Protein chains: 2
Amino acid sequence: MRPTLKNTQKLTPREIRALIRKGKWDEPTAGLAMGYAQANLVILPQKYAFDFLLFCQRNPKPCPLLEVLEPGEFRTKFLSSDADIRTDIPRYNVFRKGKLQSTVKEIRNIWKRDFVTFLLGCSFSFEEAMLRSKIPVRHIEENRNVPMFITNIPCKSAGVFHGPMVVTMRPIPPEKIARSVQITSRYASVHGAPIHIGDATVIGVKNLRKPDFGDPVTIKKGEIPVFWACGVTPQAVVMEAKPDLCITHAPGHMFVSDLLNEELAIL
Amino acid sequence: MRPTLKNTQKLTPREIRALIRKGKWDEPTAGLAMGYAQANLVILPQKYAFDFLLFCQRNPKPCPLLEVLEPGEFRTKFLSSDADIRTDIPRYNVFRKGKLQSTVKEIRNIWKRDFVTFLLGCSFSFEEAMLRSKIPVRHIEENRNVPMFITNIPCKSAGVFHGPMVVTMRPIPPEKIARSVQITSRYASVHGAPIHIGDATVIGVKNLRKPDFGDPVTIKKGEIPVFWACGVTPQAVVMEAKPDLCITHAPGHMFVSDLLNEELAIL
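Note that this is a predicted model, so its numbers are computed, not measured. (Residues numbered from 1 in each chain as written. Chains lettered and ligands numbered in written order. Predicted model: local features only at pLDDT ≥ 70, side-chain atom pairs only at ≥ 80, totals over all residues. Heavy atoms only, no water.)

### Things to note about the interface of chain A and chain B
- Across the boundary between the two partners, chain A contributes 23 residues, which contact 23 residues of chain B.
- Summing both partners gives a buried area of about 1900 Å² for chain A against chain B, and 66% of it is carried by carbon and sulfur.
- At the junction of chain A with chain B, the criterion picks out 2 salt bridges.
- R58 of chain A is the partner of E70 of chain B in a salt bridge, and the nearest nitrogen-oxygen pair spans 2.7 Å.
- Taken together, chain A and chain B are joined by 6 residue pairs in polar contact (both at pLDDT 80 or more).
- The element best represented in the side of chain A that touches chain B is helix α3 (residues 49-58) of chain A, accounting for 6 residues.
- Looking at side-chain class alone, the side of chain A that touches chain B contains 14 nonpolar, 4 polar and 5 charged residues. (Contact = heavy atoms within 4.5 Å. Buried area = accessible area lost by both parts, 1.4 Å probe. Salt bridge = Lys/Arg side-chain N within 4 Å of Asp/Glu carboxyl O. Polar contact = N/O pair within 3.5 Å; in protein donor to acceptor, adjacent residues only side chain to side chain. Helix = DSSP H or I, 4+ residues; strand = E, 2+ residues; numbered from the N terminus. Nonpolar A, V, L, I, M, F, W, Y, C, P; charged D, E, K, R; others polar.)

### Observations regarding the environment of R58 of chain B
- Position of R58 of chain B among the secondary structure elements: in helix α3 (residues 49-58).
- Through-space distance from the C-alpha of R58 of chain B to that of A39 of chain B is 19 Å; in sequence the pair is 19 residues apart.
- In contact with R58 of chain B, not counting residues within four places along its chain, are V68, L69, E70 and F78 of chain A together with K156, S157 and A158 of chain B.
- A distance of 2.9 Å separates a polar side-chain atom of R58 of chain B from the backbone oxygen of S157 of chain B.

### Points about helix α4 (residues 124-132) of chain A
All names here are of chain A.
- Residues S125, F126, E127, E128, A129 and M130 constitute the buried set of α4.
- Contact partners of the buried residues in α4: β1 (36-45), α5 (138-141), β7 (164-172), α6 (177-185), β9 (224-229) and α8 (261-264).
- Two residues or fewer past α4, K134 is found with a positive phi of approximately 60°. (Buried < 20%, exposed > 50% of the residue type's maximum accessible area, 1.4 Å probe, protein only.)

### Details of the nonpolar core
- In this structure, L44 and F118 of chain A together with L44 and F118 of chain B are the most contacted members of the largest nonpolar core, which totals 70 residues.
- If sequence neighbours within four positions are ignored, F118 of chain B has contacts with N40, L41, V42, L44, A49, F52, L53, L65, E67 and V68 of chain B. (Core = buried A, V, L, I, M, F, W, Y, C linked by side-chain atoms within 4.5 Å.)

### Brief notes about the pattern of salt bridges
All names here are of chain A.
- Counted under the stated rule, the structure contains 36 salt bridges over all chains.
- Its salt-bridge partner being R14, residue D82 comes within 3.6 Å of it at the nearest N-O pair. Placement of the pair is D82 in the loop between β2 (65-68) and β3 (92-96) and R14 in helix α2 (residues 13-21), with a sequence separation of 68 residues.
- For R14, a relative accessible area of 43% translates into the label partly exposed.

### Side note on the sheet that holds β7 of chain A
Residues and elements named next belong to chain A.
- If you trace the 4 strands from one edge of the open sheet to the other, you get β6-β7-β9-β8, paired in antiparallel fashion. Among the strands making up the open sheet, the edge pair consists of β6 (148-154) and β8 (196-197).
- Across the sheet, α4 is in contact with β7 and β9; its angle to β7 comes to roughly 15°. (Pairing = 2+ DSSP bridges. Axes fitted to C-alpha atoms, helices over the stretch in contact; angles between N-to-C directions.)

### Digging into the relation of the copies chain A and chain B
- Once chain A is rotated about the relating axis by 180° and shifted along it by 0.0 Å, it coincides with chain B to within an RMSD of 0.0 Å. Seen this way, the second copy is the image of the first under a two-fold rotation axis. Taking C-alpha positions as the reference, the residue of chain A nearest the rotation axis is F50 of chain A, at 2.6 Å.
- Of the interface residues in chain A, 100% have counterparts in chain B that sit at the interface too, so the contact is made through matching surfaces. (Least-squares fit on C-alpha atoms with pLDDT ≥ 70 in both.)

### As for the packing of α3 of chain A against α3 of chain B
- Close contact between α3 of chain A and α3 of chain B brings their axes to 10 Å; oriented N to C, the two are set at 30°. Here α3 of chain A and α3 of chain B pass one another in a crossing that is left-handed. On α3 of chain B, the residues touching A49, F50, L53, L54 and Q57 of chain A of α3 of chain A are A49, F50, L53, L54 and Q57 of chain B.
- When its residues are assigned to classes, the contact of α3 of chain A with α3 of chain B shows 8 nonpolar, 2 polar and no charged. (Left-handed = near helix turned anticlockwise from the far one by under 90°.)

### Quick word on the sheet that holds strand β8 (residues 196-197) of chain B
Residue and element names in this part refer to chain B.
- Read from one edge to the other, the open sheet built from 4 strands follows the order β6-β7-β9-β8, with strand pairing classed as antiparallel. Each having just a single partner strand, β6 (148-154) and β8 make up the two edges of the open sheet.
- Across 2 bridges, the pairing between β8 and strand β9 (residues 224-229) is antiparallel. Within the sheet, the bridge partner assigned to H196 lies in β9 and is F227.
- Those strands touched by helix α4 (residues 124-132) are β7 (164-172) and β9, and its axis lies near 15° from that of β7.
- Contacts between helix α6 (residues 177-185) and the sheet are confined to β7, β8 and β9, with β9 contributing the most and set at about 10° to the helix.

### Some points on the environment of M130 of chain A
Residue and element names in this part refer to chain A.
- Residue placement: M130 occurs in helix α4.
- Along the backbone, M130 and K24 are 106 residues apart, and their C-alpha atoms lie at a distance of 31 Å.
- Leaving out residues up to four positions away in the same chain, M130 has contacts with I135, P136, V137, R170, I172, S180, I183, T184 and W228.

As structure tokens, then:
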């Protein structure tokens, strides 16, 4: 039987990673293993690793680190005990000098002993918490990709890495804004509290109907646009620095971890 | 007039750093610039920097990073705009191969271009918040150093750095424990919530009257020992790894930053 979202949905993270490892699942991971944290992937040669780790330390909202592996290490230790980072992600993007070179289903053949793996939190985790609290998540309702915007807020630079913060936008009814701040504040390791609420032009976003990435969503009458730091930021920043090599997950094709979203909550 | 705690207490962090820079203050910094965050200092040659940064990323409770400078950089950017890390700390400890070699008032003469500076949060910040909430801080009441214990809780190792977590202990009346958890949870970047509450033997601490560092304090009838991760942990871990060179602040002689404790609070 071919795995589909329907018959895969109930699988554990371990079972999903096994399917992916065998090449039987190469589709997006949204909706899989609900309740478990999914992670963004960035792999860089060691010579860039200190700068990138420092960039993440200085910009925890767009770059919330869940796990960093030692140079050459391809097995996770904290996000799962049986994962192989070279095979357990459905699709990888391979960039050379900042340009997408190929999209592949495993990277064992190009793995090098000086590769350093970074796994970063993903907003799936807090969106689940928002839905549980009956806060609308419009792009899920409308079955679209979240709208993302490049802001005029500079990240704090580190070594070769610098660039503007990218944000996601979710329109929220006024009476639910305080609650959505509270809920996402609990998830500091997956972007945390909003970085801006209201007038988009203040952060350099001119047209909410024309996101830089993702899809536009409906903003209903009276709803306020609320902006969260976005995991596209580190990827954009890395691409801008044009490293010899960088491997990321393909958009939406995330690492499915054994960590419960609830374990990420700080309060 | 010779600066004393009394006539120095009202000075701003900038004024205090200027005094220190001129060699006019080489005493402990507790009680100075109340309301402003003070920081622990660790300086390491670049070859150890990635491992140590990774160690801090993996162990945020004992090693809460407030700022990390680029290799060779001696001016802080985020904790203050005018500080020189080579002169603005009252006393430095210089370690070679893990052994204390000297205690000095400035390090300009031994500064090298590959030095990486780490500034870590300090429990002074949350103790001030506890006092404001009428939670007793026994070692302050008894005018002693906080009692510190080496636990059986292993830190997550990173590269050459590994070792047990060191904790501080504060005895708290039962009815104030929940509040002390809430208050310190707000200060995730200065050790955050307790790591253990109650029976000390569970974390390998045999005798609360015999701390490994600092002084014993009175535990009143009915009070529960509450344990927080301690900034001595990273220093102990670095010493254990015996790097060629490591420079730290001398105990109690901290970096006084321009950051308000309140700015560190996450909620």
